Amino acid sequence: MKASEIRLKVLTFKHYLHRLLLEFLARPDAGQYLRVLGLLLGIVLCFVVWCLGSLVWGFISYHSNPVSYLRAFYDPLLPRYVDTRDFRTHESEVLDLESYREELFQLNEFNTFLSDKLPINRKHKDPRTESCRIAAKKLRHDSELASSSIVIVMYNEELSVLLRTIISILLNSPMESIKEIIIVDDRSDRDELGSRLDKELGQFPFVKLIRNTKREGLIRSRIIGSRAAEGKILIFLDSHVEVLDGWYKPIVDRIMEDPKTVVCPVIAAIDHTSLDLISDKYTTLWGAWDWDMVYKWRPIPPREMQRRGFDDSQPIRTPAMAGGLFGIDKDYFFEIGAYDPGMKIWGGENLEMSFRVWMCGGALEINTCSYVGHIFRRGGIIQKTVTGETALQQNTKRAVEVWLDEYKEAHYLAAPSNKAVEGGDFVSRVLLRQRLKCRSFSWYLREVFPDQPRPDRDFVAYGEAKGPGDLCLDTLGPGVGHQVGVWSCHGKGNNQFWKFLLSGELENDGKCLDGDGEKPRNIVMYECHGLNGNQQWFLTEGGVLLHGGSGKCLSHDGRHLILLPCDFNDDRFLWSFTGTTESVQKKFYELHSKQFGYRTNAEKEALKEAARQKKDDDAKRRANESKAEEKRQQEEQQRQQEETNNEAGIAKRREEEERRRLEEETAQKSQEEQELIEWRAEKKRREDDKKRKEEKRSIDEGNEQREKEEKRRADEKRKKYRLRLCVDTTA
């Protein structure tokens, strides 16, 4: 088309528009339409100006005070979600939704499908008590708090959970005190944790992302993060937590007060299925451990409650920490040796640090006014090392060899397989202990954890309990309420490692063997209550286990345990433990033999020796009496002969007879007095026997009453447990 033709078409179109405009203006209602058009143009112009102003204000606000801007952006009143479309199949495209949900569950061992649908800025109810809220007013002001660095190690963490962790810190912490949040990515291999993670974390100017060039594990990654930290206080958190209102200040304030105190928050469990917060699950528990060196949650003992003055705002001085969540002064952290760099992946480092802090002059506390929610995964992940042993075994070996002194043999009894584990070179940690002039492990047990049963003080017998048929007593699984039985002896401890305690309890992993005399096969594991009754047992020197609640003896049918009438000569009732502690065993018999009417072998030998001695004394007495009688008869015969030969001897004989008669009367009187004494002694013995029988009957009646009361309490506790289980299941 030529240029002249194009110009002609343009002029024709302009002429056409001009004609239309003139016709429109000639209409009588043209002014009304123009006013409406002007109003619409004004509205559009105002909207454009408002949008431009908002963008400018947001840009200025973000760069002048990004924390306030982000807090406003992530206000819980306006839920925010993670966009998962670029790395996860949408549910509308899934044919089998249930299988897809389970697949996502197995990906992280918690409800990933639900996590993606929950706001990443959700808000939880404040779990603190009124006394904690009052105590919070006495803490330092936000501006007076020392700077801190929060170190979070992640490996293939779910993106929504990680962002929820960071945003909960943003919404529930005085950010002016937090220098930085350091995320250490331990070589994650999920696609969404690459550039997508960089983009998500880029909106938080206070977050630093460190990516390991190779897989280091939790322990070494925390060392890397702590070395990069600039704050004066280090706070270690897991990557699947949600901090709650008021969590931060109690930790930092306590560390500022005493830099040698390591402070842990109360862990509020987040259910792995519903992702609901269970804030009161661990409020009455503290950190403990058993001789297999596995961390345990145990009820806080009365002595610690009394030390705190029964004030739930006072910190708990715990013997050990879970290790995932705690705060520590940075200088003190490196002064006492940080983490053991010889430990691999994770596991055992929490107990090693607990021992080190206490024994080297520090203290370990759980601050009951600081709450952090934590997702407990459905199943643990065991990290294998190149040798095939678990990292936990190797790490535990290092901790045991460095810190347990002579008590390490108690660990190897509880976990025999760990004795042959190669723990690596730990000379540097031994030298660290010497340099810090740390106390002994016996001091730790005496001063910090006197409640922990010890072999040299509390174990009558310990180890495997081998019964008839060379089968070992076995819990047959974890938990309470399930039936206990026997299994082939495997020599690995764990569910076959038993401790027969001085109190008469037969304990495994903090739970006690509980028998029911009325139901001989109802022998289960139950929480140790210390009230004797169905949990009290008596171990004879021959290896028979008597049940205190029923007086029957323990045996088995090849699979399950059973209580039967005792026969001390029947091999069906014999049990042998791996080891015994002679001094504790002696004390046990002194305390409990009278109650069970049992005599030890030493007591039996003493009684036999006393009987033999009495028999020998009686034989000697009879021999002496026989000799005396023979001598008397000889003298009598001699006197009779003399009297026969001499009439004068008659008078003498009479005198002699009179004298003998008097002697006999005196002897008879003495004999009567002796018989009276013996009769009185016999009467007193019978009265004592009667009194003892009455006392025994009173004790038996008391035991029967206690058994009934204990059974009633156990029934109530089981009902409460079942009710709580039903409530949890319904929830």
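What you see is a predicted model; the values in this text were computed from it and never measured.

Overall, the coordinates contain 23 aromatic pairs when judged by the stated rule. Ring geometry for phenylalanine 500 versus phenylalanine 588: centroids 5.4 Å apart, planes at 80°, classification edge-to-face. Linking phenylalanine 500 in strand 16 (residues 498–501) with phenylalanine 588 in helix 19 (residues 582–596), this pair joins segments that are 88 residues apart in sequence. Take phenylalanine 500: its relative accessible area is 0%, and that puts it in the buried class. The buried category is assigned to phenylalanine 588, whose relative accessible area is 0%. Through pairs of rings, three or more aromatic residues link up here, namely Trp286, Trp289, Trp291, Phe355, Tyr407, Phe441, Tyr444 and Phe449. Seen from the ring of tyrosine 155, arginine 215 lies directly overhead, with NZ or CZ sitting 3.6 Å from the centre. The ring of tryptophan 443 has arginine 439 sitting right over it, with the charged end atom 4.3 Å from the ring centre.

What follows concerns the packing of helix 14 (residues 391–403) against helix 16 (residues 427–436). Contact geometry for helix 14 and helix 16: axes closest at 10 Å, N-to-C directions at 40°. Relative to helix 16, helix 14 is oriented oblique. In the packing of helix 14 onto helix 16, the handedness of the crossing is right-handed. Note on element contacts: helix 16 touches helix 14 through Arg429, Val430 and Arg433, opposite Arg398, Val402 and Trp403. Residue classes in the contact of helix 14 with helix 16 are distributed as 3 nonpolar, no polar and 3 charged.

Our focus in this paragraph is empty space enclosed by the protein. Summed over the entire model, instances satisfying the criterion amount to 4 cavities of 30 Å³ or more. By volume, the largest cavity is sized at about 80 Å³. Cys264, Pro265, Ile267, Tyr295, Trp297, Ala320, Met321, Ala322, Gly323, Gly324, Leu325 and Ile366 together form the lining of the largest cavity. The set of elements that each furnish at least two residues to the lining of the largest cavity consists of strand 6 (261–270) and strand 9 (295–299). Ranked by residues supplied to the lining of the largest cavity, first place goes to strand 6 with 3 residues. Taken together, the residues of the lining of the largest cavity sort by class into 10 nonpolar, 2 polar and no charged. Considered as a void within the structure, the second largest cavity measures approximately 50 Å³ in volume. Around the second largest cavity, the lining residues are Arg122, Lys123, His124, Asn172, Glu242, Val243, Leu244 and Asp245. A per-class count over the lining of the second largest cavity returns 2 nonpolar, 2 polar and 4 charged.

Closest axis-to-axis distance for the helix 13 (residues 349–359)/helix 17 (residues 441–448) pair is 10 Å, and the angle between their directions is 85°. Considered as vectors, helix 13 and helix 17 are oriented roughly perpendicular to each other. Judged by residue contacts, Phe355, Trp358 and Met359 of helix 13 engage Phe441, Trp443, Tyr444 and Val448 from helix 17. Class assignment of the residues belonging to the contact of helix 13 with helix 17 gives a composition of 7 nonpolar, no polar and no charged.

Right, let's talk about the state of the cysteines for a bit. One pass over the full model with this rule turns up 5 disulfides. Note that cysteine 472 is cross-linked by a disulfide to cysteine 489, the S-S spacing being 1.9 Å. Between cysteine 472 and cysteine 489, the S-S dihedral sits near 95°, and the bridge is therefore right-handed. Of this pair, cysteine 472 sits in strand 14 (residues 471–474) while cysteine 489 is found in the loop between strand 15 (485–488) and strand 16, placing the two residues 17 residues apart along the sequence. The exposure class of cysteine 472 is buried, given its relative accessible area of 0%. The side chain of cysteine 553 participates in a disulfide bridge whose partner is cysteine 566; the two sulfur atoms lie 1.9 Å from each other. Its S-S torsion of approximately 100° makes the covalent link between cysteine 553 and cysteine 566 right-handed. Of the two residues, cysteine 553 sits in strand 22 (residues 553–556) while cysteine 566 sits in the loop between strand 23 (561–564) and strand 24 (576–580), which places them 13 residues apart along the sequence. Each bonded cysteine in the protein chain gets a number by its place in the sequence, and the pairs come out as 1-3, 2-4, 5-6, 7-8, 9-10.

Here we take up the pairing of strand 11 (residues 326–329). Of the two faces of strand 11, the one carrying Phe326 and Ile328 and the one carrying Gly327 and Asp329 are both buried. With 4 bridges connecting them, strand 4 (residues 233–237) and strand 11 associate as antiparallel partners. Looking at strand 11, one finds that leucine 234 is bridged to isoleucine 328.

Here we take up the confidence of the model for the protein chain. Within the protein chain, residue pLDDT values average 84, and 91% of them lie at 70 or more. Overall, residues 382–388 carries pLDDT values under 50, and its contacts beyond four positions in sequence, including any with other chains, amount to 13 contacts.

Mapped onto the elements of the fold, aspartate 331 is located in helix 12 (residues 330–335). The class for aspartate 331 is exposed, based on a relative accessible area of 61%. Along the backbone, aspartate 331 and isoleucine 233 are 98 residues apart, and their C-alpha atoms lie at a distance of 8.2 Å.

Of note, arginine 88 is situated in the loop between helix 3 (66–73) and helix 4 (97–108). Looking at arginine 88, the relative accessible area reads 12%, which means it is buried. Of note is the side chain of arginine 88, whose polar atom sits 2.5 Å from the side chain of aspartate 116. Look past the residues within four positions of arginine 88 in its chain and what remains in contact with it is Tyr100, Leu104, Leu107, Thr112, Asp116, Glu158 and Glu192.

Next up on the list: a negative patch on the surface. On the surface, a cluster of negative charge is made up of Glu672, Glu673, Glu675 and Glu678. Inspection of the secondary structure assignment puts glutamate 673 in helix 21 (residues 648–730).

To continue, consider the pattern of salt bridges. For the structure shown, the criterion picks out 61 salt bridges. Aspartate 340 is the partner of arginine 429 in a salt bridge, and the nearest nitrogen-oxygen pair spans 3.9 Å. Here the residue arginine 429 occupies a position in helix 16, and aspartate 340 occupies one in the loop between helix 12 and helix 13, the gap between them amounting to 89 residues. Exposure remark for arginine 429: the relative accessible area of 7% places this residue in the buried category. Under the relative-accessibility criterion, aspartate 340 is labelled buried at 4%. The closest approach of N and O atoms between glutamate 401 and lysine 408, which form a salt bridge, is 3.2 Å. Exposure remark for glutamate 401: the relative accessible area of 23% places this residue in the partly exposed category. Judged by relative accessible area, which is 25%, lysine 408 ranks as partly exposed.

Calculation rules
- Residues numbered from 1 in each chain as written.
- Predicted model: local features only at pLDDT ≥ 70, side-chain atom pairs only at ≥ 80, totals over all residues.
- Heavy atoms only, no water.
- Phe/Tyr/Trp six-rings, centres within 6.5 Å; stacked < 30°, edge-to-face > 60°.
- Helix = DSSP H or I, 4+ residues; strand = E, 2+ residues; numbered from the N terminus.
- Buried < 20%, exposed > 50% of the residue type's maximum accessible area, 1.4 Å probe, protein only.
- Lys NZ or Arg CZ within 6 Å of the ring centre and 35° of its normal.
- Axes fitted to C-alpha atoms, helices over the stretch in contact; angles between N-to-C directions.
- Parallel < 35°, antiparallel > 145°, perpendicular 65-115°, else oblique.
- Left-handed = near helix turned anticlockwise from the far one by under 90°.
- Contact = heavy atoms within 4.5 Å.
- Nonpolar A, V, L, I, M, F, W, Y, C, P; charged D, E, K, R; others polar.
- 1 Å grid on protein atoms, 1.4 Å probe; cavity = no way out; pocket = protein on both sides within 12 Å on 5 of 7 lines; lining within 4 Å.
- Points joined across faces, edges and corners; volume = space filled by probe spheres on them.
- Disulfide = S-S within 2.5 Å.
- Pairing = 2+ DSSP bridges.
- pLDDT = per-residue confidence, 0-100.
- Polar contact = N/O pair within 3.5 Å; in protein donor to acceptor, adjacent residues only side chain to side chain.
- Patch = residues over 30% accessible without salt bridge, like charges linked within 9 Å, V, L, I, M, F, W, Y side chains within 5 Å.
- Areas by Shrake-Rupley, 256 points an atom, 1.4 Å probe, with all protein chains shown as cover.
- Salt bridge = Lys/Arg side-chain N within 4 Å of Asp/Glu carboxyl O.
- Lys, Arg positive; Asp, Glu negative; His and termini not counted.
- Charge placed at Lys NZ, Arg CZ, Asp CG, Glu CD.

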